[in-house]
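Per-entry structural report
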Amino acid sequence: VNKIGIIGVFIGQLSGYTIACILMLFYLRHQIKWIWDKEIIYNLCKYSLPLVPAVAGNWANNYINRIFMLSYLSLSQIGIYTVGLKFASVFKIIQSAFNMIWGPYFWETFEKNINHKNIFININKYVVYIIFILVGLMSLSSSLIVRILATEAYKDASILIGLICLSTGLLIIQQTVGMGAAIRKKTYFNTLIYFFSVLVNICSLFILV
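Source: prediction; values computed, not measured. (Residues numbered from 1 in each chain as written. Predicted model: local features only at pLDDT ≥ 70, side-chain atom pairs only at ≥ 80, totals over all residues. Heavy atoms only, no water.)

A look at the overall build of the protein
A tally of helices and strands in the protein yields nine helices and zero strands. Burial status across the protein gives 25% buried among its 209 residues. Here the analysis covers contacts within the protein between residues at least 6 apart in sequence; of these, 77% occur between residues at least 24 apart. For the protein, the accessible area works out to roughly 15,600 Å², and carbon and sulfur atoms hold 71% of it. For the protein, the distance from the average site of its 16 positive side-chain charges to the average site of its 6 negative ones is 1 Å. (Helix = DSSP H or I, 4+ residues; strand = E, 2+ residues; numbered from the N terminus. Buried < 20%, exposed > 50% of the residue type's maximum accessible area, 1.4 Å probe, protein only. Contact = heavy atoms within 4.5 Å. Areas by Shrake-Rupley, 256 points an atom, 1.4 Å probe, with all protein chains shown as cover. Lys, Arg positive; Asp, Glu negative; His and termini not counted. Charge placed at Lys NZ, Arg CZ, Asp CG, Glu CD.)

Here it is, written out as structure tokens:
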């Protein structure tokens, strides 16, 4: 209506996050106190600061492929990839839901259950089985999905759907196997992991694309 253009997207996102933040502050108002404890702040920084490069690495892993695609691929190839990505985005929904559930459940189980190791091992098994079954189903049905929901020009997107689902599925599995650093409060391991993963990602993109 106001024809602000792309800036309106950012204003909309900022407005949404601001409202959500205000509502959460109101909801948690009885649990929030202004205190200054050097030991708590030190422990918080020791735990969280090493995660900052890991967050940057995660962002790079997710978005650095755009640079290579825009530089080396044609618009038609990028279009095919985009269609495959859209159809595989159902796994992103699963990933987001799992991330929201896993954190609270993980810490509650770790703190209250002395048998947490066996519980986590069993959960990891089930997560791996379920993810690979879902990836398999998406891969097998990808051609049918593309034929029903896209035009003939995008038929090659069916090849990509299974691979994109697999990569997102591995991120879900990583949540259940990558908790040792959090338990031991040695979060610099996350940064090392993401550093090497970004390095492998860039090399792979440069060589393969």
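Thoughts on the packing of helix α6 (residues 116-149) against helix α7 (residues 157-177)
Where α6 meets α7, the closest approach of the two axes is 8 Å, and the angle between their N-to-C directions is 165°. Between α6 and α7, the angle falls in the class roughly antiparallel. Seen along the crossing, α6 lies across α7 with a hand that is right-handed. Taken together, the residues of α7 that come into contact with α6 (itself represented by Asn-124, Val-127, Val-128, Ile-131, Phe-132, Val-135, Met-138, Ser-139, Ser-142, Ser-143 and Val-146) are Ala-157, Ser-158, Ile-161, Gly-162, Cys-165, Leu-166, Gly-169, Leu-170, Ile-172, Ile-173, Thr-176 and Val-177. Grouping the amino acids of the contact of α6 with α7 by side-chain chemistry returns 15 nonpolar, eight polar and no charged. (Axes fitted to C-alpha atoms, helices over the stretch in contact; angles between N-to-C directions. Parallel < 35°, antiparallel > 145°, perpendicular 65-115°, else oblique. Left-handed = near helix turned anticlockwise from the far one by under 90°. Nonpolar A, V, L, I, M, F, W, Y, C, P; charged D, E, K, R; others polar.)

Details of unusual backbone geometry
Note on backbone geometry: most residues besides glycine have negative phi, and most peptide bonds are trans. The phi dihedral of Lys-3 is positive, around 55°, even though this residue is not glycine. Structurally, Lys-3 is set in the segment before α1 (6-27). Non-glycine residue Lys-185 carries a positive phi angle of around 60°. Tracing the backbone through its elements, the reader meets Lys-185 in the loop between α8 (180-184) and α9 (188-208).

Comments concerning helix α5 (residues 90-112)
Here α5 spans 33 Å end to end across 23 residues, near enough to the 33 Å set by a 1.5 Å rise per residue. By the largest-angle criterion, Trp-102 marks the main kink of α5, which is about 30°, and a proline, Pro-104, follows within four residues. Within α5 the residues assigned to the buried category are Phe-91, Gln-95, Phe-98, Trp-102, Phe-106 and Thr-109. (Expected span 1.5 Å × (residues − 1). Bend = angle between axes of the 7 residues up to and from the residue.)

Digging into the nonpolar core
Residues Trp-102, Val-127, Ile-131, Ile-161 and Cys-165 are the most contacted members of the largest nonpolar core, which totals 24 residues. Broken down by element, the residue count for this core peaks at nine residues, all from α6. Sequence-distant contacts of Ile-131, that is, excluding residues within four places in its chain, are made with Phe-91, Gly-169, Ile-172 and Ile-173. (Core = buried A, V, L, I, M, F, W, Y, C linked by side-chain atoms within 4.5 Å.)

Focus on the packing of aromatic side chains
For any pair of aromatic rings, the description consists of the separation of the ring centres together with the inter-plane angle of the planes. Counting across every chain of the model gives twelve aromatic pairs. Aromatic rings pair up to connect Phe-98, Trp-102, Tyr-105, Phe-106, Trp-107, Phe-110 and Phe-120 into one cluster. The ring of Phe-26 is capped by Arg-29, whose NZ or CZ atom sits 4.1 Å from the centre of that ring. (Phe/Tyr/Trp six-rings, centres within 6.5 Å; stacked < 30°, edge-to-face > 60°. Lys NZ or Arg CZ within 6 Å of the ring centre and 35° of its normal.)

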